[in-house]
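Chain residues, written in single-letter form:
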Amino acid sequence: ENNKSTAVSITKKLDFYIDKKKVKEGEVEQYLLDILKTSDQPTIVLRAEEGVPIEKAVKVLDIANRNKIKVVLAVRPK
């Protein structure tokens, strides 16, 4: 059963976290590919704090699209 999802978080300080590990923005793609390469249906849950520029989230979406990774947007309940 290899359908675990991986969380990608972007903080308002523009730090990127994959699950609980802080990664440099430029290393997000490589890191995700390493984690997800064994997954049958790779999925990331994208969480961006309020105030994060949309380009940062789009960058993660681009990585996901390029690598056929499904993205779920985590929206905080009001």
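Predicted model only: the values in this text are computed from it and were never measured.

Draft legend 1. Looking closely at the overall build of the protein. Secondary structure assignment for the protein yields 2 helices and 5 strands. Counting helices and strands in the order they occur from the N terminus, the protein gives β-β-β-α-β-α-β. A compact globule built from 78 residues should have a C-alpha radius of gyration of about 12 Å, and the protein, at 12 Å, falls within 12% of that. Along the first, second and third principal axes, the C-alpha set of the protein runs to 35 × 30 × 20 Å. Across the protein, contacts joining residues at least 24 apart in sequence account for 69% of those joining residues at least 6 apart. Accessible surface, the protein as shown: approximately 5500 Å² in total, 52% of it carbon and sulfur. Placing the 16 positive and 12 negative side-chain charges of the protein at their respective mean positions leaves the two points 3 Å apart.

Draft legend 2. Spotlight on helix 2 (residues 54-66). A rise of 1.5 Å per residue sets the reference length of helix 2, with its 13 residues, at 18 Å; its end C-alpha atoms lie 18 Å apart and thus fit the reference within 8%. The complete set of buried residues in helix 2 reads Ala57, Val60, Ile63 and Ala64. Down the axis of helix 2, the buried set is contained in an arc of 115°. They therefore lie on one face. Relative to its buried face, helix 2 has exposed residues pointing more than 90 degrees away, namely Ile54, Glu55, Asn65 and Arg66. On its buried side, helix 2 packs onto strand 1 (5-10), strand 2 (16-18), helix 1 (28-36), strand 4 (43-48) and strand 5 (70-73).

Draft legend 3. Geometry of the nonpolar core. Counting 16 residues, the largest nonpolar core has Val8, Val28, Leu32, Ile44 and Val60 as its most contacted members. Counting only elements with at least two residues in this core, the list comes to strand 1, strand 2, helix 1, strand 4 and helix 2. Setting aside residues no more than four positions away along its own chain, Val8 makes contact with Tyr17, Ile18, Leu32, Ile44, Val45, Leu46, Arg47 and Val60.

Draft legend 4. Spatial organisation of the side chain of Thr11. For Thr11, the position within the fold is in the loop between strand 1 and strand 2. Residue Thr11 is classed as buried on the basis of its relative accessible area of 16%. Beyond its immediate stretch of four places on either side in the chain, Thr11 contacts Tyr17, Glu49 and Val52.

The rules we used
- Residues numbered from 1 in each chain as written.
- Predicted model: local features only at pLDDT ≥ 70, side-chain atom pairs only at ≥ 80, totals over all residues.
- Heavy atoms only, no water.
- Helix = DSSP H or I, 4+ residues; strand = E, 2+ residues; numbered from the N terminus.
- Rg over C-alpha atoms; globule rule 2.2 N^0.38 Å.
- Contact = heavy atoms within 4.5 Å.
- Areas by Shrake-Rupley, 256 points an atom, 1.4 Å probe, with all protein chains shown as cover.
- Lys, Arg positive; Asp, Glu negative; His and termini not counted.
- Charge placed at Lys NZ, Arg CZ, Asp CG, Glu CD.
- Expected span 1.5 Å × (residues − 1).
- Buried < 20%, exposed > 50% of the residue type's maximum accessible area, 1.4 Å probe, protein only.
- Arc of directions from axis to C-beta.
- Core = buried A, V, L, I, M, F, W, Y, C linked by side-chain atoms within 4.5 Å.

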